[in-house]
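Coordinate inspection notes
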Amino acid sequence: MSEHTAGDSPSDPLVELSLTLGQVRAEYSTDETVFSSFSWPVYWGEIVGPRPCVLVGGRGTGKTTTLRGLAYGGQYSLRGSDISAWDAIGAYWRVDSMAVAAFSGRGLSDEEWLAPFSHYVNLRMVSLYLGFSAWHEKALGNPLAIDASAIELAAISLNLTTSSVPATLGDLAAGVRQQLALLEARLNGPTSRLMQSDFSLLGRPLHYLLEGLDASHEAARLPFTYCIDEFENLRPYQQRVINTLIKHVGDSSYTIKLGIRDSEHRERDTLAQGQTLVDPADYTTVDIVEHLKDQSFARFAAQVCEKRLARTQLRHIRMTSAFPNVSIDEEARILGADRERGAIRRALESQGATPSQLLEFDSMSPTAACLIGYWARAQSTDELVVLSDAIARPKAWNQRVGNYGYAMLFTLRKGRRGVSKLYAGWATYCQLADGNIRLLLELAYEALRRHLSDGHAPGDSVDLETQTLAAAAVGQLTLRELQGQSGIGGQLTYLTLSLGRIFNVFAVSPEGHAPEVNQIRIERDNLVGDAAELSLILREAVATGCLLAFDGNKQERVSAQTKTWDYQLHPIFAPYFVYSHRRKRRIQLSANEVVSLASTSAPRTLTAILSNRRGPTPALPEQLELYSGFYDAAD
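Presented here is a report on the structure given in the accompanying data block.

What counts and what doesn't
Residues numbered from 1 in each chain as written. Predicted model: local features only at pLDDT ≥ 70, side-chain atom pairs only at ≥ 80, totals over all residues. Heavy atoms only, no water. Helix = DSSP H or I, 4+ residues; strand = E, 2+ residues; numbered from the N terminus. Buried < 20%, exposed > 50% of the residue type's maximum accessible area, 1.4 Å probe, protein only. Contact = heavy atoms within 4.5 Å. Areas by Shrake-Rupley, 256 points an atom, 1.4 Å probe, with all protein chains shown as cover. Phe/Tyr/Trp six-rings, centres within 6.5 Å; stacked < 30°, edge-to-face > 60°. Bend = angle between axes of the 7 residues up to and from the residue. Salt bridge = Lys/Arg side-chain N within 4 Å of Asp/Glu carboxyl O. Axes fitted to C-alpha atoms, helices over the stretch in contact; angles between N-to-C directions. Parallel < 35°, antiparallel > 145°, perpendicular 65-115°, else oblique. Nonpolar A, V, L, I, M, F, W, Y, C, P; charged D, E, K, R; others polar.

1. Describing the overall build of the chain
Helix and strand content of the chain: 30 helices and 10 strands. Taken along the three principal axes of its C-alpha coordinates, the chain extends 105 × 65 × 45 Å. Counting across all 635 residues of the chain, residues that qualify as buried make up 53%. In the chain, of all internal contacts separated by at least 6 residues, the share reaching a separation of at least 24 is 75%. Total accessible area on the chain is roughly 26900 Å²; 48% of this is exposed by carbon and sulfur atoms.

2. Details of the packing of aromatic side chains
Counted under the stated rule, the structure contains 26 aromatic pairs. Each ring, one from Tyr76 and one from Trp135, has its centre 5.2 Å from the other, and the planes form 80 degrees; the classification is edge-to-face. In this pair, Tyr76 is assigned in helix α5 (residues 72-79) and Trp135 in helix α7 (residues 110-140), connecting sequence segments 59 residues apart. With a relative accessible area of 19%, Trp135 lands in the buried category.

3. Brief notes about helix α21 (residues 394-408)
Within α21, the axis deviates most sharply at Gly402, by approximately 40 degrees. Within the sequence span of α21, burial applies to Trp397, Arg400, Val401, Gly405, Tyr406, Ala407 and Met408.

4. What about helix α11 (residues 204-211)?
Within the sequence span of α11, burial applies to Pro205, Leu206, His207, Leu209 and Leu210. Summarising the contacts, the buried residues of α11 are in contact with α7, α8 (148-157), α9 (169-187), β3 (224-229) and β4 (254-260).

5. What about the pattern of salt bridges?
Tallying each qualifying case throughout the model produces 18 salt bridges. Each of Arg345, Glu349 and Asp362 takes part in one network of salt bridges that share partners.

6. Comments concerning the packing of helix α25 (residues 489-508) against helix α26 (residues 531-543)
Angle between the axes and distance between the axes: these two values describe a pair of packed helices. It is the contact of α25 with α26, at a shortest axis distance of 10 Å, that shows an interaxial angle of 80 degrees. By the angle class used here, α25 and α26 are roughly perpendicular. Across from Gln491, Leu492 and Leu495 in α25, the residues of α26 making contact are Glu533, Ile537, Glu540 and Ala541. For the contact of α25 with α26, a count of residues per class yields four nonpolar, one polar and two charged.

7. Looking at the environment of Gln483
With respect to the element layout, Gln483 can be found in helix α24 (residues 464-485). Of the residues examined, Gln483 reaches a relative accessible area of 48% and is grouped as partly exposed. In this structure, the C-alpha to C-alpha distance between Gln483 and Tyr494, residues 11 residues apart in sequence, is 10 Å. The contacts of Gln483, once residues within four sequence positions are left out, are Gly489, Gly490 and Thr493.

Written as structure tokens, this is what we have:
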């Protein structure tokens, strides 16, 4: 350990850890901070270039960092001052939900809001381009060469000619700022006054401006790229406005890259009747998680973490060494396999096992030996019956150990206090994050923070129990954050608490069901009530990353729902509720049950669901006692 104590100096390892791994929101970081430890994503080559792109990824997948990397600030940080070496020239635009909400309601139809919102989009896009122009001149000492007549046409198109026509880019920028302020003031006033304003035609002001750029200028080498993040914040009619611009990208010297959480729940229509955006004819879709998982997320995530630590005294930490993987047999020993093995052997002796049978039992691995008891309980039979079958059919028994050995680990400490299941190892952490780099950073940070706070040296491996407690803490934090991530955050919290408990009970009590149950399939045929409520719950759950959705037949990871889709709580919740994070088996719930589990009726419905299984309901894991009021209401 460093000689410093926590908090006494910026070089304190805990302070450095917090500054590098503990602050993971790219939205609130400077370009210098974000790109000093940038790792090129495997899909980078698919998003650069003139073709419009939809970048799909939930919170924490690196979507914002990638879009900012395409903007001029990111390219300057990553590629340097030579624009000829840049992959893109563009600007980052994060959609402000409060700003766009001003263009709706108040007695006006979506059709009536089209003109003022299109004018707002024009002003924003021109403003962003002029921001690049000002930066280019200041940072590189080279002003953009745009014809004065193009500046004049852009100003006229934006209705900025009440006193004098702007003659320079600086004049135009000042006029645009004034027009944006005027539009804001009128949005806060009577709508009758707003609708008397002069608006601009969608896309034309920017077209005039870009058309005037000297073709020999270095900035004319690439189309100007608008990186629009959090596209889902736009109302459907507002999305149609942007879609219209995308449809006509080929007619102008700009392109558009969209960042969106969920590609299945967005508008594809344009303002032209019958005209829609088609993938891949009009744009390409890049699913971040799928690309990262296909190209070794574990390796990419390790690079991200190690680059962030590279400039600190923690630079020698290597993720695979800091978070060593643990085998099933090793974990079984840690969780009490010797104790369980002894109890099973005594049972075998009392049931009349022969010396040769006991010798076979004693030669078994910890996992296989403990599975004798697990399988006996699951099948409501004697341990000797199971052992005899294992000896008689070794191939079938070995297959059973492979299929059920991991599930058996959840039962070894049933009813005991303390950690009852380990979630440790870099591979496991990457599975828990499921392609989400922010969650992975949170896991690594929390584990290393606890490790250093306990007095361990940075170069030491993190204790398995510490890794487990850290993973549970991140799962709990993710649960708490649901409240602020959606307008129905409370309902999503109820749903998560309910499903997490169901999966936990099934994990520690194997009787009467398949192992590693952690998915649901929804039976919709007998839905009582509004089907739109179920759709809203599932849509928001997937959009916030609370649930993952899979094709029920092909098991392909996607982000929407159909009648045949299965749903799984995000793996990050598994350590907190204590169940298997691995994508395995499902149970079926009715649509009515799902809607109820996402409401104040959840405790009652939870009780009814759990009462249909065999055996008593096990006690809550210690960490869930925080929500004992919720669960006690289910008793």
